[in-house]
Amino acid sequence: MNFYAIGAIYRAEMARTGRTLLQSVASPVISTALYFVVFGAVIGQRMESIAGVDYGAFIIPGLAMMTLLTQSLTNAAFGIYMPRFLGTIYEVLAAPVSSLEIVIGYVGAAATKTVILGLLIMITARFFVDYQIDHPFWMMGFLILTAVAFSLFGFIIGIWAEGFEQLQLIPLLIVMPLAFLGGSFYSIKMLPEFWQTVTLFNPVVYLISGFRWSFYSTADVPVGLSLAMTAGFLVLCLLVVSWIFRSGYRLKS
Amino acid sequence: MNEAASENPAPQGALPGERALVVRNLHKRFASGLEALRDINLDVGYGEIFALLGPNGAGKTTLISIICGLVNPGPGRILANGYDVVRQFRQARASIGLVPQELATDAFVSVWSTVSFSRGLFGKPKNPAYVEKVLRDLSLWDKRDNELRTLSGGMKRRVMIAKALVHEPDILFLDEPTAGVDVELRREMWALVRQLRDQGVTIILTTHYIEEAEDMADRIGVINHGELVLVEETRTLMDKLGRRELRLHLHQPLNAVPAALERFPLTLEGNGHELVYTYDTQQADGDIPELLRRLDEQGIEFRDLHSSQSSLEEIFVNLVKKRT
Ligand SMILES: Nc1ncnc2c1ncn2[C@@H]1O[C@H](COP(=O)(O)OP(=O)(O)OP(=O)(O)O)[C@@H](O)[C@H]1O
Ligand SMILES: [Mg+2]
């Protein structure tokens, strides 16, 4: 293992975040906080509680998850797209590093950012809404697993993308709607039966449900299934990434 | 075995007789179907300066990119520092430094960070003293805290060289290092190349400035349409292919070369006003006094004479033309 290389990539990526704190940390934290204020503190008071949880508190895991998914995607996608765009990727390709080391460096940094962002969002939420975390260990588990899986996904997007629009395409057009419809604002059990079945094809449902379970011990789908789906998604992304490096797809001609 | 290779010791750990670079039967066909490299065979000895010459699109960058891992290789085999660049890519790449043709740098990172990053990326532990030495050698020390976007193009190129050198490579690839660089920086660049060679670094460079190759390189390879048409020591190449010419401007034009001068390769030009004597550089110059004596005997007078040697430029153009 070339640990110096992993460290160099990881530190460079973290430094990039440091340079763009406002854009990569402050803005998502603030926009999520606005949701908490409007839907949680203001509207939430007039809503019925769901499964014995205050509405304002109920939406916190889902909202946090929604932000984390899009943020880890764009973060990781930019992390690898920028060197491709600038041409500085040549150095990584010419370096004595394996694909695994490259992925650990880039995806590790993106996932770290996501976890930090997640914790910041949850701390901020506490100022507006009262909530508890029943299973902190599992909460961290889901947070980290999701951060890694979606950073990997973002890494894939960053390698696939051939322009800045394509970078935004998947986070905005696919992941955002899936998160909205994946039970961020409601329990899927509130939907008509037909739509409940349809919703089960939305992978984000499993992420949000599992994450919410770690807060309030209540879930739309069994927590084991949530865990399995998240891990499955992570493995799928790993397979795609390893294919990318074996074939040199979009990296080498 | 060429001289340059035997003069300079291989780095520690290299087997005797080992080459810095060995390329065997290398081919490359791009997805577009373009055959960029055809059956390349090349040996470069340790401590050599090897110049790769060729017109635009000849395949110089492709060859370098394959060796360094930027482009997937086609059939063939490459050993760098004795290591297979595919199967033993770690050892091979750790011994290679690359300065690519295109300027590519981050924008908001400082000179110091980007150079330190390269060292880490190539698996070397932190060594601020060494980073400082490299920056000083390249006159970048004063700029160490500047963001890269604030540097001029020439400065950026220095940064890229610093990045390539900071992991202490045995082999350095410079893809057109002097393109877009002013005279002073070019001179500094060549001084640096010589200094590196003296430190035992093997240098493989491409250039379009033929005088540079002539001045700097121990050996020259000419590549055209993906084929390595010739590899030769610079001196031998100049001797073998270089021709000398003695041009005599006559007082009275001649209709034909006089029979008494037949044993000299002479031609008449400029309506018989110029007598041109062409000879190989390998040939002894001793013939010139003899020629002049004979001219005197024949009563042929000249008012001026002019001698010239064909440059590598002409040799190169001839070679490339022949193949096209
Ligand atoms: N990624 C690629 N895909 C397809 N063709 C390519 C690719 N890269 C280079 N080529 C082609 O391969 C040939 C060799 O290109 P290369 O860049 O190696 O030339 P070069 O000798 O470095 O030229 P120059 O002196 O202009 O730098 C050219 O015809 C070029 O168009
Ligand atoms: Mg080139």
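Here the structure is a predicted model, which is why all the values come from computation and not from measurement. (Residues numbered from 1 in each chain as written. Chains lettered and ligands numbered in written order. Predicted model: local features only at pLDDT ≥ 70, side-chain atom pairs only at ≥ 80, totals over all residues. Heavy atoms only, no water.)

1. Comments concerning the site of ligand 1
Moving on, step 1. In the vicinity of ligand 1 there are 16 residues, among which Asn 56, Gly 57, Lys 60, Thr 61 and Thr 62 of chain B approach most closely.
Moving on, step 2. The environment around ligand 1 is built from residues contributed by chains A and B.
Moving on, step 3. One nitrogen or oxygen atom from the side chain of Thr 61 of chain B is found 2.6 Å from an oxygen atom belonging to ligand 1.
Moving on, step 4. Relative to its unbound accessible area of 630 Å², ligand 1 is 67% covered by the protein chains.
Moving on, step 5. Classifying every residue of the shell around ligand 1 gives five nonpolar, nine polar and two charged. (Near = heavy atom within 4 Å. Polar contact = N/O pair within 3.5 Å; in protein donor to acceptor, adjacent residues only side chain to side chain. Areas by Shrake-Rupley, 256 points an atom, 1.4 Å probe, with all protein chains shown as cover. Nonpolar A, V, L, I, M, F, W, Y, C, P; charged D, E, K, R; others polar.)

2. Some words on the domain arrangement of chain B
Moving on, step 1. Under the domain assignment used here, chain B contains domain 1 (3-238) and domain 2 (242-310).
Moving on, step 2. On a C-alpha basis, the centroid separation for the pair domain 1 of chain B and domain 2 of chain B is 45 Å. (Domains from an automatic or database assignment.)

3. Notes on the interface of chain A and chain B
Moving on, step 1. Across the boundary between the two partners, chain A contributes 26 residues, which contact 29 residues of chain B.
Moving on, step 2. Carbon and sulfur atoms supply 58% of the area buried between chain A and chain B, which totals about 2300 Å² over both sides.
Moving on, step 3. The largest share of the area that chain A buries against chain B comes from Tyr 90, Glu 91 and Pro 96 of chain A, three residues that together contribute 29% of it.
Moving on, step 4. Across the contact surface, chain A and chain B share two salt bridges.
Moving on, step 5. Between Lys 163 of chain B and Glu 91 of chain A there is a salt bridge whose closest N-O contact spans 3.0 Å.
Moving on, step 6. Across the chain A-chain B interface, the total number found is eleven residue pairs in polar contact (both at pLDDT 80 or more).
Moving on, step 7. Counting residues per element, the side of chain A that touches chain B draws most heavily on helix H1 (residues 3-19) of chain A, which supplies seven residues.
Moving on, step 8. Taken together, the residues of the side of chain A that touches chain B sort by class into 14 nonpolar, seven polar and five charged. (Contact = heavy atoms within 4.5 Å. Buried area = accessible area lost by both parts, 1.4 Å probe. Salt bridge = Lys/Arg side-chain N within 4 Å of Asp/Glu carboxyl O. Helix = DSSP H or I, 4+ residues; strand = E, 2+ residues; numbered from the N terminus.)

4. Description of the coordination of the magnesium ion (ligand 2)
Residues and elements named next belong to chain B.
Moving on, step 1. Ligation of the magnesium ion (ligand 2) by protein atoms is provided by Thr 61 (OG1) and Gln 101 (OE1), these donors lying 1.8 to 2.1 Å from the ion. Here Thr 61, found in helix H2 (residues 60-68), pairs with Gln 101, found in the loop between strand S6 (96-99) and helix H4 (111-121); they are 40 residues apart in sequence, far enough to count as distant.
Moving on, step 2. Take Gln 101: its relative accessible area is 28%, and that puts it in the partly exposed class. (Donors = N, O, S within 2.8 Å, 3.2 Å for Na, K, Ca; no water. Buried < 20%, exposed > 50% of the residue type's maximum accessible area, 1.4 Å probe, protein only.)

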